[in-house]
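# Structural description and commentary
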Amino acid sequence: MLTKFETKSARVKGLSFHPKRPWILASLHNGVIQLWDYRMCTLIDKFDEHDGPVRGIDFHKQQPLFVSGGDDYKIKVWNYKLRRCLFTLLGHLDYIRTTFFHHEYPWILSASDDQTIRIWNWQSRTCVCVLTGHNHYVMCAQFHPSEDLVVSASLDQTVRVWDISGLRKKNLSPGAVETDVRGISGVDLFGASDAVVKHVLEAQEFSKAWELDTCRGHYNNVSCAVFHPRQELILSNSEDKSIRVWDMSKRTGVQTFRRDHDRFWVLGAHPNLNLFAAGHDSGMLVFKLERERPAYAVYGNMLYYVKDRFLRQLDFNSSKDTAVMQLRSGSKFPVFSMSYNPAENAVLLCTRATNLENSTYDLYAIPKESDSQNPDAPEGKRSSGLTAVWVARNRFAVLDRMHSLLIKNLKNEIVKKVQVPSCEEIFYAGTGSLLLRDADGVTLFDVQQKRSLATVKIAKVKYVVWSADTSHVALLAKHAIMICNRKLESLCNIHENIRVKSGAWDESGVFIYTTSNHIKYALTSGDHGIIRTLDLPIYVTRVRGNSVYCLDRECRPRVLTIDPTEYRFKLALVNRKYEETDFVTPDLSLHFVKDEKTRFTLALECGNIEVALEAAKALDERGCWERLGEAALLQGHHQVVEMCYQRTKNFDKLTFLYLITGNLAKLRKMMKIAEIRKDMSGHYQGALYLGDVSERVRILKNCGQKSLAYLTAATHGMDEEAESLKETFDLEKETVPEVDLNAQLLQPPPPINPLDTNWPLLTVSKGFFEGAIAAKGKAGQMAADMDVDAPGGEGWGEDAELQLDEDGFMDAQDGLGEEGGAAKEEGGGWEVEEDLDLPPELELSAGSGGGAEDGFFVPPTKGMSPTQLWCNNSQLPVDHVLAGSFETAMRLLHDQVGVVQFGPYKQLFMQTLSRGRTCYLGLPSLPCLRGNPQRNWKDCGTKQGLPAVGLRLSDLIARLQQCYQLTTAGRFEEAVERFRAILLSVPLLVVDNKQEIAEAQQLITICREYIVGLTMETERKKLPKETLDQQKRLCEMAAYFTHCSLQPVHMVLVLRTALNLFFKLKNFKTAASFARRLLELGPKPEVAQQTRKILAACEKTLTDAHQLNYDPHNPFDLCAASYTPLYRGRPVEKCPLSGACYCPPYKGQVCRVTQVTEIGKDVIGLRVSPLQFR
Amino acid sequence: MATQQGDVDELFDVKNAYYIGSYQQCINEAQKVKRKYAVVMDDIKASSSPELQAVKMFAEYRANEGKRDAIVAELDKKMSKNVDVANTTFLLMAASIYYHEMNSDAALRTLHQGESLECMAMTIQVLLSLDRVDLARKELKKMQEQDEDATLTQLSTAWVNIAVGGEKLQDAYYIFQEMSDKYSPTLLLLNGQAACHMAQNKWEEAEGVLQEALDKDSSHPETLINLIVLTQHLGKAPEVTNRYLSQLKDAHRAHPFLKDYLTKENEFDRLTMQYAPTATA
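Computed from a predicted model, the values in this text were never measured in an experiment. (Residues numbered from 1 in each chain as written. Chains lettered and ligands numbered in written order. Predicted model: local features only at pLDDT ≥ 70, side-chain atom pairs only at ≥ 80, totals over all residues. Heavy atoms only, no water.)

### So, the overall build of chain B
The condition is simple: A run of H or I in DSSP becomes a helix once it reaches four residues, and a run of E becomes a strand once it reaches two; helices and strands are each numbered from the N terminus. Note on exposure labels: buried denotes an accessible area under 20% of the residue type's maximum, exposed denotes more than 50%, and partly exposed covers the range between, all computed with a 1.4 Å probe on protein chains only. Two residues qualify as a contact provided that any one of their heavy atoms is within 4.5 Å of a heavy atom in the partner residue. Only the protein chains shown count as cover for residues, with accessible areas throughout obtained via the Shrake-Rupley method and a probe of 1.4 Å.
The helix and strand inventory of chain B stands at 16 helices and zero strands. Counting every position in chain B, which comprises 281 residues, the buried fraction comes to 52%. Of all intrachain contacts in chain B linking residues separated by at least 6 positions in sequence, the fraction that spans at least 24 positions is 47%. With the model as given, the accessible surface of chain B reaches about 13,500 Å², and the carbon-plus-sulfur share is 51%.

Structural data, given as structure tokens:
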């Protein structure tokens, strides 16, 4: 039993919970009724009108009413909002025991010692029914919660059930279903039938038919008993000074709560919440039977919590909520706390018994995979202990019932016992440490060294919340929070009047915590404040941005949004240490105050009319508009002034405003409005302002001021009007007034320039915030710019990928079919070798192991290193290089792609080797140990390992861009070097699928085309151009270059060179063909224009002046050594790696493109994927 | 390194700092202990001379490349006689020398005579360098039986776990992580974490850890070696990798990694000779 709230007063005889608010009414023996807020622990009101004890008390469910019945025979109905008694119902002739409202009808049911039960209508304030039949005091009478029944209990030893359906029907409003009414009237003939006794249960009968159970235990009169609203429990209290809880299914008492001196008199149950109240001789207490705090633990993005005997896991990111396991049943107590171990995926669940010594904990390994619908129920390990907390990956600490500390391992075996200073509770404190709580403080304790490191004084810490990086810790007590650093040095103390419930650290190091009714924040500097209010307590699990993740009392995960602006701002202040005074201005506060009223006031204070207007619109209160109007008028902000006057319907001021701003149209409108409103003086005033004399005459005439009307008309020379008015005068009774001959014309000056715009204002220097926000906006734009740039880079990438066209892919697949077959056999051969190798190794290790045990030490032989295994498991050259087996790697490259000259590969080999193995330090001053990263580390076991490659196809493709740029820049030699580096790297790739194999081959083709073209161009530039033959040769080479497959941007350049050379040579026909090809590529406008000119010139004489070894229409390959065309059908030798073509005489030489392979060598082919061996 | 029996080990911080590679702290702590616990130091002094001699021998071996053969010869002589098995320091220093000499047989034979956690830990390291994970596990089990929670046992567990690979890598990572949480992240612990990450192909995670290590010491050889591995796996430009390599070459010419590297270069050159094109231009 957990006491939430206690009061001290005279004997409490009646109790009633408010169904929604955290309120309880207590009626006292001295006639006073108290209204308490049990959450805030405050007395809200006192109602003292009864004379003598008040026993009956009940809140109305919807209305702000409650009813009380006292020993003064009075029933009083009260309104707690008006804070007074509305009326008194008189009629009972003795003490009133209970009073209750009906849940639906405007009825009150009262039971009295005068042996009657009465039903009253509190609207008509009359007694509608008297139920007679009991022949002793009626101790209690209640309405059935849904049916037309009343049950009553009396000292005459009977319980009666009354049917009041007659009363209900009679009270139906007239015009309701008529037949019913007739039916009732029929019954009515036989006399009083409003309430009929349905059953009478006498005491003897209880024992036979009605007594289901007897709960024995109290040893004095039982005062009151109630059913638990949601569980199979009965609560009772008694004059024996105890409250007892009974289990209905087991028919036994489960809990007893005793007081020393006070007899209990009454019990109340909250209709919705897990709350009870009990009144006794000197006050009352509000309590609940068990904790509602869910047990939970947070790790990374995961929340683990216990709900209904299940351990559930919630992924904060995806909000996926799954049950991961079922808990072992058997404890009647809910799980108290949880400690989660991410390394072992294990949990410790602690369960507190009423008697602390009987507390237990369970150690569970969470199943790896689990069906959420029907999760596994793994066998846990249960032991006794107050609390169990992980202290290391494989160790946890248990505070046992003797309050000593045990360290246990994953098998739940005691590893060691640690002597600790007196300690009542332990908390997690990072690896190897614990926080120990004693009577008046918390101690940081190193478990391994068995010594205390630091102590801080704070009473009764209940929860401990570490920040994610464990740099800070919040210690939560009932009414206090202390924030400490890692060394347990106190940084701040916060006192709360309301109970502190839970907390979590946000990413920026602000502690967000909840009390019973608020979410609050605390900075480590001690600054704290309210973020928002709460209806019901919640338990914060995580804070991220403006989301607060929490569990409610029903264990439902929820997400609340908060506005973090205020504490972020304060945090910024603390961290950057601005001169604080500068910032505590209303202007600044405006930006983070969201409450409109405060915002409005602040805005006015700093003269920010716009913000004030916004707030005023939101509030829309007369007072606000008035204040805003005044402020705006002072600033000459007359548009806002106008709006304020309009909103407050201040016509006079509005009219005057229009006058002084020269807005005649609106002024006239105001006059019309005044007329409609029959506001004569306003109407007249308007006419006066407008200088509208005839209107004034009309007004005066209409309101019976005939003489004034006449005078006005006459004075202004409106003779006709004056005459007609004069005629209406009854000359006998009235005198026509004299017209002042010296009268001067009184006319308002006409406005020269109506004031449409506001009064000019000085520019106000921008506040810190506006500046900061503006700057932020700019930064955002910069980022956006960057983004715009980025696609440009990617655009290149796309181009490069486009280059890898479908043709190549098809070829690769064709090739694969054949080669795959051959490879299979080879694979088999390797396997055989492996089998032969391994057995002797295994035997050896077994043998040496045995030798060691004999006593005489035989040093073991060397084992099989992972790198050896890599070589055994793979025939891809790179795996062998990574393993450091250069010899086999070379052989593979030789056999697969015909490498015969390894010089250029040296750099690649060494680099590859250097990424094969990592380092980690063993014992100090010894050489380091080596790690072997493997690409299939997850499932390779001990024998099937393959090294992590560290060279990706995508990286190589990305490197093409650099080469392209160098090409564009005309740095051909550098470009060729880079292309070659890529080309040589391709055989050292490992790829996963056929598409990538094709891409790798395509990459080789691209490199080859560029290398051939660019080396030829470099060569061409070195050639002399004196003679015609030399010039012809130059032209030929330029023409061949146009047949290399290049990027359009490069092809444009190549074609232009060829075009110019051929044009100069007067080979116009061929030049024209280059020009056309060039135009097809869509070059830049100026290039296109020039090309068109040349083309036009060429087309005048479409002939070639000289015969060249170049036929654009006859397809050819280019010999990469002699730079001569090899027309289709002529014999050709190819490079086994790059595929570059050569005239037959070059066979056996080193390929000019790769500089490593032998031309025309018979090879297996490029192998970059295990797929190629299947 | 004499282990004191008793509930509270006054030298705990010193030893701990030493094992996890926090040498500066180790020295600080040692001085603190000296001041506070003069008695303890006196204790050690009384029985220290043979141990100190052993340390001196090792220091000499490490310092003078020229004298090494002589020192090893002398050591061999000593080892062939009866050895004071209780002198753990001597055993450790002797084994260290043998290990540096790549004479793992002798190292293991020496260590076999000792019973202390230190001897067992070194045995495990030697076994791992021999790729005998099976035997290393056996030795580890013995250590765990003696004191599972000792820092050395934990570290040894991590080494073995890295060698075993697979799921054990995460366990190894947690051990390093736990120690850096508990004490402070030293180069040893950070490189251990990096090795675990890289073994799990978590290159980005490794980058963070190694960067932290690099910030602590920009010329720490093992960190540089790991960075050479990492930068390539991250697909960084070859220039980045080469920078770390030349940094390593500049500062740690005698590091086994570089020795190995040089050997391999020579091997490459030798192997290249075996290949040639059939025709020359």
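The structure having been displayed, the exposition proceeds.
### Description of the packing of helix H6 (residues 88-100) of chain B against helix H7 (residues 104-112) of chain B
All names here are of chain B. This is how the line gets drawn: In this analysis, axes come from line fits to C-alpha atoms, helices being fitted only over the stretch in contact, and the angle between any two N-to-C directions falls in the range 0 to 180 degrees. Here is the rule for angles: anything less than 35 degrees is roughly parallel, anything more than 145 is roughly antiparallel, 65 through 115 is roughly perpendicular, and the remaining ranges are oblique. Lys, Arg, Asp and Glu make up the charged group, whereas Ala, Val, Leu, Ile, Met, Phe, Trp, Tyr, Cys and Pro make up the nonpolar group; the residues left over, Gly among them, are polar.
Two elements in contact, H6 and H7, have axes separated by 8 Å at closest approach and are oriented at 170°. Accordingly, the angle class assigned to the pair H6 and H7 is roughly antiparallel. Contact with H6, carried on its side by Leu91, Leu92, Ala94, Ala95, Tyr98 and Tyr99, involves Ala106, Ala107, Thr110 and Leu111 of H7 and no other residues of that element. Grouping the constituent residues of the contact of H6 with H7 by class yields nine nonpolar, one polar and no charged.

### Structural notes on the sheet that holds strand S14 (residues 138-143) of chain A
Residue and element names in this part refer to chain A. For the record, the criterion: Being paired, for any two strands, means DSSP has found at least two bridges between them.
Strands sit in the order S14-S15-S16-S17 across an open sheet of four strands; the sheet is antiparallel. The open sheet terminates on both sides in strands that have one partner only, identified here as S14 and strand S17 (196-202). For this sheet, the mean angle separating the axes of adjacent strands, direction not counted, is 15°. Alignment of strand S15 (residues 149-154) against strand S16 (residues 158-163), held across five bridges, turns out to be antiparallel. If you follow valine 150 over to S16, its bridge partner there is tryptophan 162.

### Here's the deal with the nonpolar core
Definition in use: As used here, the term nonpolar core means buried Ala, Val, Leu, Ile, Met, Phe, Trp, Tyr and Cys residues forming a set that is joined through side-chain atoms within 4.5 Å.
Membership of the largest hydrophobic core comes to 195 residues, with the highest contact counts inside it found for Tyr905, Phe909, Phe979 and Tyr1142 of chain A. Apart from residues lying up to four places away in sequence, tyrosine 905 of chain A is in contact with Leu893, Val899, Leu984, Pro987, Leu988, Leu1137 and Val1156 of chain A together with Phe268 of chain B.

### Let's talk about the packing of helix H23 (residues 953-968) of chain A against helix H24 (residues 972-985) of chain A
Residues and elements named next belong to chain A. Selection rule: Note on convention: near helix rotated counterclockwise from far helix by under a right angle means a left-handed crossing. Clockwise means right-handed.
Following both chains from N to C, one finds H23 and H24 inclined at 165°, their axes separated by 8 Å at the closest point. Taken together, the axes of H23 and H24 are roughly antiparallel relative to one another. Between H23 and H24 lies a crossing whose hand is left-handed. Seen from H23, the contacting residues are Leu956, Arg959, Leu960, Gln962, Cys963, Tyr964, Leu966 and Thr967; seen from H24, they are Phe972, Glu974, Ala975, Arg978, Phe979, Ala981, Ile982 and Ser985. Taken together, the residues that form the contact of H23 with H24 break down as 10 nonpolar, three polar and three charged.

### Re the environment of leucine 303 of chain A
All names here are of chain A. Residue placement: leucine 303 occurs in strand S26 (residues 302-307). On a C-alpha basis, the gap between leucine 303 and phenylalanine 316 in space is 7.2 Å, while along the polypeptide they are 13 residues apart. Excluding residues that lie within four positions of it along the chain, leucine 303 makes contacts with Tyr296, Ala297, Val298, Arg312, Gln313, Leu314, Phe316, Thr541 and Leu551.

### Overview of a negative patch on the surface
Put simply, the rule is: Surface patches are drawn from residues lacking salt bridges whose relative accessible area is over 30%; two like charges belong together within 9 Å, two nonpolar side chains (Val, Leu, Ile, Met, Phe, Trp, Tyr) within 5 Å. Any carboxyl oxygen of Asp or Glu within 4 Å of a side-chain nitrogen of Lys or Arg constitutes a salt bridge here. Asp and Glu are treated as the negative residues and Lys and Arg as the positive ones, with His and the ends of the chain left uncounted. The atom standing in for a charge is NZ when the residue is Lys, CZ when it is Arg, CG when it is Asp and CD when it is Glu.
Together, Asp719, Glu720, Glu723 and Glu727 of chain A give the surface a local cluster of negative charge. Position of glutamate 720 of chain A among the secondary structure elements: in helix H16 (residues 719-728).

### Let's talk about helix H16 (residues 256-272) of chain B
Turn by turn, an α-helix covers 3.6 residues, leaving residues three or four places apart pointing in a common direction. Quick note on the threshold: Expected helix span is taken as 1.5 Å per residue step, with the number of steps being one fewer than the number of residues.
Compared with the 24 Å implied by 1.5 Å per residue over 17 residues, the 24 Å span of H16 of chain B between its first and last C-alpha is a close match. Listed in full, the buried residues belonging to H16 of chain B are Phe257, Leu258, Tyr261, Lys264, Glu267, Phe268, Leu271 and Thr272 of chain B. Packed against the buried residues of H16 of chain B are helix H21 (886-897), helix H22 (906-914) and strand S53 (929-931) of chain A together with helix H14 (221-233) and helix H15 (238-251) of chain B.

### A word on the side chain of lysine 416 of chain A
With respect to the secondary-structure elements, lysine 416 of chain A resides in strand S36 (residues 414-418). An unpaired buried charge is present at lysine 416 of chain A: no salt bridge exists, and aspartate 149 of chain B, the closest side chain of opposite charge, is 4.1 Å distant. Apart from the residues lying within four places of it in its own chain, the contact partners of lysine 416 of chain A are Leu405, Leu406, Ile407, Val447, Gln448 and Lys450 of chain A together with Asp149 of chain B.

### Here's the deal with the confidence of the model for chain A
Low-pLDDT portions of the prediction should not be read for the details of their coordinates. Residue and element names in this part refer to chain A. Applied cut-off: In predicted models, pLDDT denotes the confidence assigned by the predictor to each residue on a 0 to 100 scale.
Within chain A, residue pLDDT values average 81, and 86% of them lie at 70 or more. Overall, residues 175-192 carries pLDDT values under 50, and its contacts beyond four positions in sequence, including any with other chains, amount to six contacts. Contacts for the low-pLDDT stretch residues 206-210, under 50 throughout, to residues beyond four places or in other chains number five contacts.

### Topic: the sheet that holds strand S43 (residues 480-485) of chain A
Residue and element names in this part refer to chain A. On the basis of which strands lie adjacent, the open sheet formed by four strands has the order S41-S42-S43-S44 and antiparallel pairing. Each end of this open sheet is capped by a strand with a single partner; those strands are strand S41 (461-466) and strand S44 (490-495). Averaged over all pairs of adjacent strands, the angle between their axes in this sheet comes to 15°, without regard to strand direction. Pairing of S41 with strand S42 (residues 472-477) involves five bridges; the strand directions are antiparallel. Bridge assignment links valine 465 to a residue of S42, and that residue is alanine 474.

### Structural notes on the interface of chain A and chain B
Applied cut-off: Buried surface area refers to the total accessible area, computed with a probe of radius 1.4 Å, that the two partners give up upon joining, counted for both partners together. Two N or O atoms form a polar contact when they lie within 3.5 Å of each other; inside protein one atom must be a possible hydrogen donor and the other a possible acceptor, and for residues adjacent in sequence the pair counts only when both atoms belong to side chains.
Taken together, the contact pairs 80 residues of chain A with 86 residues of chain B. Here chain A meets chain B over a buried area of about 7,300 Å², counting both sides, of which 58% is carbon and sulfur. Summed over the shared surface of chain A and chain B, the result is six salt bridges. Between aspartate 149 of chain B and arginine 395 of chain A there is a salt bridge, with the nearest N and O atoms lying 2.7 Å from each other. Linking chain A with chain B are 30 residue pairs in polar contact (both at pLDDT 80 or more). Broken down by element, the residue count for the side of chain A that touches chain B peaks at eight residues, all from H22 of chain A. Of the residues assigned to the side of chain A that touches chain B, the class counts are 33 nonpolar, 27 polar and 20 charged.

### Points about the packing of aromatic side chains
All names here are of chain A. What counts here: Centres within 6.5 Å are what make two rings of Phe, Tyr or Trp a pair, Trp counting through its six-membered ring; a difference in plane orientation under 30 degrees is then read as stacked, over 60 as edge-to-face, and the rest as tilted.
Counted under the stated rule, the structure contains 42 aromatic pairs over all chains. Where phenylalanine 47 meets phenylalanine 66, the ring centres are 5.0 Å apart and the plane angle is 65°; that geometry is what we call edge-to-face. In this pair, phenylalanine 47 sits in strand S5 (residues 42-48) while phenylalanine 66 sits in strand S7 (residues 65-70), placing the two residues 19 residues apart along the sequence. Taken individually, phenylalanine 47 and phenylalanine 66 each receive the classification buried, so the pair is uniform in this respect. Measuring from centroid to centroid gives 4.9 Å for phenylalanine 316 and tyrosine 549, while their planes differ by 65°, and the two rings are edge-to-face.

### Digging into the pattern of salt bridges
Tallied over the entire structure, the rule returns 47 salt bridges over all chains. Here glutamate 1099 of chain A and arginine 1076 of chain A are joined by a salt bridge, their closest N and O atoms 3.5 Å apart. In this pair, glutamate 1099 of chain A sits in helix H29 (residues 1085-1100) while arginine 1076 of chain A sits in helix H28 (residues 1068-1080), placing the two residues 23 residues apart along the sequence. According to the relative accessible area criterion, glutamate 1099 of chain A is partly exposed, its value standing at 40%. The shortest N-O distance in the salt bridge between lysine 142 of chain B and glutamate 139 of chain B comes to 3.5 Å. On the criterion of helical spacing, the pair formed by lysine 142 of chain B and glutamate 139 of chain B is a turn pair, its members being three residues apart in helix H9 (residues 133-147). Taking the relative accessible area as the measure of exposure, lysine 142 of chain B reaches 46% and is therefore partly exposed. Residues joined in a network through salt bridges with shared partners are Asp552, Glu554, Arg556 and Arg558 of chain A.

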